[in-house]
Amino acid sequence: MTAPTTSVPRGRSHVEEPGVPAGRRASACARQVRRVVATEVRTSPALLPIAALTVIGCLRLASADAQWVGYWQNTTLKVHTYACIVIGIVSGAIAAWQAGRSRAAGLHPMENTATVDGASIVLRAVAPIWLLATTGFLLVLAAALGRSAVVHAGTPPWGLVVMTVAVLGMQVAAGAALGAWLPRRSAPVVTIVVLYAGGAAPVYVEGGERTWGRLYPIVQQLWDPLMREAPARLLTASAWLMCVAVLLVLVAGRRWAGVRPSLTSLAAAATLAAVSAGFVLVPQVAPGEQFASVRGAGDPVACTNGSGPTFCVWADHADTLPSVAGAASAFARATDGLTFIPTTLAEPGVARALGRPAVDVGAFTAPVPSREEALAALVTASAPQPGPTCIGADGAVIGGSDAARAIPAILSERLGIPPVFGADSAAYPRLEQLTVARQNAWMNAAAEAEVHCAEPPPVPAS
Amino acid sequence: MTDALVARGVSVRFARTEALRDVTVEFTPGVTGLLGHNGAGKSTLMGVLTGLLRPTEGEVVFAGSPAAAGQPGNAALRASLGLLPQKFGYFGNFRVREFVEYAAWLHSMKPLSVPGAVDRALETVRLVDRQDATMKSLSGGMAQRVGIACATVHEPRVLVLDEPTNGLDIEQRDIFRGILRDLQQRHPQQVTILSSHLAEDIAAVCERVVILQQGRLVADAQTRDLVGVDADAEVSGVALEQAYLRVLGARA
């Protein structure tokens with residue numbers, strides 16, 4: 001008769017520790033975890049490569065052009081892309097190498113007669129690589145966001161940060177699975193090819209962005225200020241990635257014949273991964289909005305309340321307002337007496353949230369525009385436009401006369417900024433010769449005509 | 001229930017080679033030497049006893065439960081087992097203490113007991129002063145001693161040492177024998193199996209000898225009985241070697 005396993009007394013080390021306070025046990029456990037992490041990090045082959053990639057990332061992102069600087073979510077997207085494509089893939093390759101360390105060192109007999117299972121052994125070998133990769137990512141992100149913080153107060157898109165950490169975990173786990181089962185020398189190369197091809201696949205596969213691109217999410221784009229991260233979708237993707245990582249670590253652990261994880265645990269992990277994949281793939285979203293959504297009526301806005309036109313932005317861009325308010329005051333003085341100047345101007349999409357008409361000034365190139373850029377935006381937004389009924393039989397817009405184009409040029413001149421456009425209008429030199437009052441009268445009449453699909457009146461002689 | 005580790009009717013076949021043939025042997029508390037030429041089947045028997053190899057026929061029983069690889073008692077055997085394999089591998093960048101801690105972790109030791117157990121294991125193998133040295137900086141003999149520390153850190157009830165003195169110089173082998181005697185004095189109930197083809201090592205530490213020849217068990221006796229000396233007399237390596245050759249010759 002087979003005696004039940006539990007009846008067999010175990011070695012002294014496995015004896016429970018009765019009488020030891022829970023606090024003391026917890027502190028001993030924490031101390032051991034710290035020691036294991038310190039040992040593995042110190043001896044990890046990932047230490048130097050990831051340190052180097054962190055330094056390179058900081059230098060590269062800190063010296064890059066200013067297109068994305070200041071927009072916290074775009075800064076995070078830039079770092080996310082670097083982390084996933086460079087740090088993550090290199091970490092995956094190192095994990096592939098590290099997963100084969102027991103076989104290379106001849107430790108399999110000792111490990112296969114141990115009590116911890118293969119998955120724990122793999123996890124111990126590769127988890128420090130994930131830790132190092134995450135640290136590298138966070139350091140580069142801190143450096144890049146530090147640069148953003150100089151020009152714009154904001155907060156990182158935390159969902160994207162969490163998803164990046166999850167992508168790194170999945171990449172390391174994929175490396176571990178490949179490294180456990182492939183010959184040690186070829187495993188890192190195969191891992192690099194697999195992880196890179198997986199990341200690039202959505203670009204080449206039709207509809208890949210909405211399928212594969214959501215399962216292996218490397219977001220290689222910048223988001224318009226009108227967009228904001230979709231935390232629910234990002235966190236769902238993070239959960240999926242962690243389920244896959246667990247599954248891959250269990251697959252890697254199966255390589256340890258004596259202490260392989262059970263098929264039951266493998267099946268449970270596979271089921272969890274399949275369910276989480278469903279949560280990622282089933283919700284239908286528009287192209288380009290896999291992990292971001294367009295801001296809508298419910299999103300908070302903030303507006304200037306000084307003289308001149310009211311300027312409204314999304315609440316998280318509120319630190320734009322002081323500089324824009326200053327420009328709006330100057331603009332109000334320069335446009336005193338003009339009737340066509342809009343009373344409310346707004347960032348893209350804000351009009352919907354305001355619930356009242358507002359002229360879209362477009363997106364600034366930086367979240368806190370210079371006085372000149374803010375004035376140019378106000379001038380551009382104030383240029384008379386053909387009214388909504390100005391559509392000809394052929395569908396073409398009626399209006400947009402050459403003379404009306406002179407108005408922004410005149411306003412720019414009054415504000416002392418380079419002409420936004422219209423300086424080449426034939427009417428401009430003649431308008432310049434007029435007094436301000438006569439300029440205003442003509443511009444009001446021209447704007448009125450433009451709105452009603454008519455030709456503006458001729459510029460009076462000086 | 002005793003801690004006996006039993007191989008019962010064990011045969012192992014690899015393709016056309018029969019590495020073990022119907023071996024039945026019971027390992028009880030004390031040090032048992034496993035003696036045999038190269039290729040006699042010592043490492044295969046070690047593999048079967050430790051669960052690394054599944055026997056083609058027969059069974060391994062530990063403390064009354066079938067304990068071969070994949071059998072219910074295997075987990076209990078692994079929890080009670082310390083193994084120093086023939087080719088002891090290690091991570092070169094680990095420090096000595098870190099590597100023994102790694103072995104403790106592999107055996108799921110309670111965190112609270114690890115520091116003390118590692119201290120004791122390093123004291124036993126006389127490597128306290130080298131605990132901060134990296135593994136790759138150690139000589140072969142010292143590395144083997146770390147191997148013993150790893151195999152004993154969790155105070156196993158079954159200790160399996162597969163050719164532990166292979167390639168060691170005289171001084172290191174002497175140190176090794178001393179360590180083994182210390183261990184046995186401290187844990188007299190421990191089942192220790194020492195595989196070697198060096199009769200001198202077996203004679204120095206084993207009270208019982210099991211001899212294998214071409215995969216068959218050809219002798220299982222008290223060392224003194226095999227050599228033919230009194231209970232008080234020391235068994236010399238030369239005497240055991242002669243007895244061993246006599247057994248093999250008689251079989252041939």
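Residues numbered from 1 in each chain as written. Chains lettered and ligands numbered in written order. Predicted model: local features only at pLDDT ≥ 70, side-chain atom pairs only at ≥ 80, totals over all residues.

Another aspect to go through is the interface of chain A and chain B. Interfaces are frequently sized by the accessible area removed from exposure as the parts join. Of the residues lining the interface, 34 residues belong to chain A; the matching set on chain B comes to 43 residues. Listed by contribution, the elements that provide at least two residues to the side of chain A that touches chain B are α1 (22–43), α4 (101–105) and α5 (108–112) of chain A. The element that contributes the greatest number of residues to the side of chain A that touches chain B is α1 of chain A, accounting for 10 residues. When grouped by side-chain class, the residues that make up the side of chain A that touches chain B number 12 nonpolar, 13 polar and 9 charged. (Contact = placed C-beta atoms within 7 Å. Helix = DSSP H or I, 4+ residues; strand = E, 2+ residues; numbered from the N terminus. Nonpolar A, V, L, I, M, F, W, Y, C, P; charged D, E, K, R; others polar.)

Looking now at the pairing of strand β7 (residues 158–162) of chain B. Remember that side chains alternate between the two faces of the sheet whenever the strand is regular. All names here are of chain B. Of all 5 residues making up β7, 5 are buried, and the element is well covered by its neighbours. The side-chain alternation of β7 yields two buried faces, one formed by V158, V160 and D162 and the other by L159 and L161. With 5 bridges joining them, β7 and strand β8 (residues 191–196) adopt parallel strand pairing. Directly across from D162, in β8, lies its bridge partner S195. Note on the crossover from β7 through helix α6 (residues 170–186) to β8: the handedness is right-handed. (Buried ≥ 20, exposed ≤ 12 C-beta atoms within 10 Å, placed from the backbone. Pairing = 2+ DSSP bridges. Right-handed = clockwise from strand over helix to strand, strands pointing away.)

Residue position: P157 of chain A is located in the loop between α6 (118–151) and α7 (158–181). Once residues within four sequence positions are removed from consideration, P157 of chain A is found in contact with W72, Q73, T76 and E229 of chain A.

All names here are of chain B. Positive phi is not limited to glycine here, since A63 has a value of about 50 degrees. Summarising the element assignment, A63 is placed in the loop between β4 (57–62) and β5 (65–66). A count of 21 C-beta atoms within 10 Å places A63 in the buried class. A positive phi is found at E163, a non-glycine position, where the angle reads about 50 degrees. On the secondary structure map, E163 appears in the loop between β7 and α6. Residue E163 is classed as buried on the basis of its C-beta count, with 23 C-beta atoms lying within 10 Å.

Let us now look at helix α12 (residues 321–334) of chain A. Residue and element names in this part refer to chain A. Compared with an ideal rise of 1.5 Å per residue, which puts 14 residues at 20 Å, α12 spans 19 Å between its outermost C-alpha atoms and is within 8% of the ideal. By the burial criterion, the buried members of α12 are V324, A327, A328, F331 and A334. In a view along the axis of α12, the buried residues occupy a sector of 115 degrees, so they form one face of it. For α12, the exposed residues set more than 90 degrees away from the buried face come down to P322 and R333. Of the surrounding elements, those touching the buried residues of α12 are β4 (310–314), α14 (371–382) and α15 (406–415). (Expected span 1.5 Å × (residues − 1). Arc of directions from axis to C-beta.)

This paragraph deals with the domain arrangement of chain B. All names here are of chain B. The assigned domain composition of chain B is domain 1 (1–47 + 163–172 + 180–224 + 239–252) and domain 2 (87–156). Distance from the C-alpha centre of domain 1 to the C-alpha centre of domain 2: 25 Å. Between domain 1 and domain 2, the contact holds 8 residues from the first and 6 residues from the second. Here the residues of the side of domain 1 that touches domain 2 sort into 3 nonpolar, 3 polar and 2 charged. (Domains from an automatic or database assignment.)

Turning our eyes to something else, we now look at the domain arrangement of chain A. All names here are of chain A. Here the domain parsing of chain A yields domain 1 (28–294), domain 2 (295–371) and domain 3 (383–462). In this structure, domain 2 and domain 3 have C-alpha centres spaced 23 Å apart. Counting from both sides, the interface comprises 8 residues of domain 2 and, opposite them, 8 residues of domain 3. Looking at the side of domain 2 that touches domain 3 residue by residue, the classes come out as 5 nonpolar, 3 polar and no charged.

Ordered by their spatial adjacency, 4 strands build an open sheet running β2-β1-β4-β5 (chain B), and the pairing between neighbours is antiparallel. Each edge of the sheet is formed by a strand with only one pairing partner; in this case those strands are β2 (17–27) and β5 of chain B.

This part covers the nonpolar core. By size, the foremost hydrophobic cluster in this structure holds 175 residues, and its most contacted members are A176 of chain A together with V100 and V146 of chain B. Of the residues forming this core, the biggest block, 16 residues, is contributed by α6 of chain A. Leave out the neighbours within four places in its chain, and V146 of chain B touches Y90, V96, F99, V100, V125, L127, M135 and L138 of chain B. With 40 residues, the next largest nonpolar core counts V301, A346, F364 and A376 of chain A among its residues. (Core = buried A, V, L, I, M, F, W, Y, C linked by C-beta atoms within 7 Å.)

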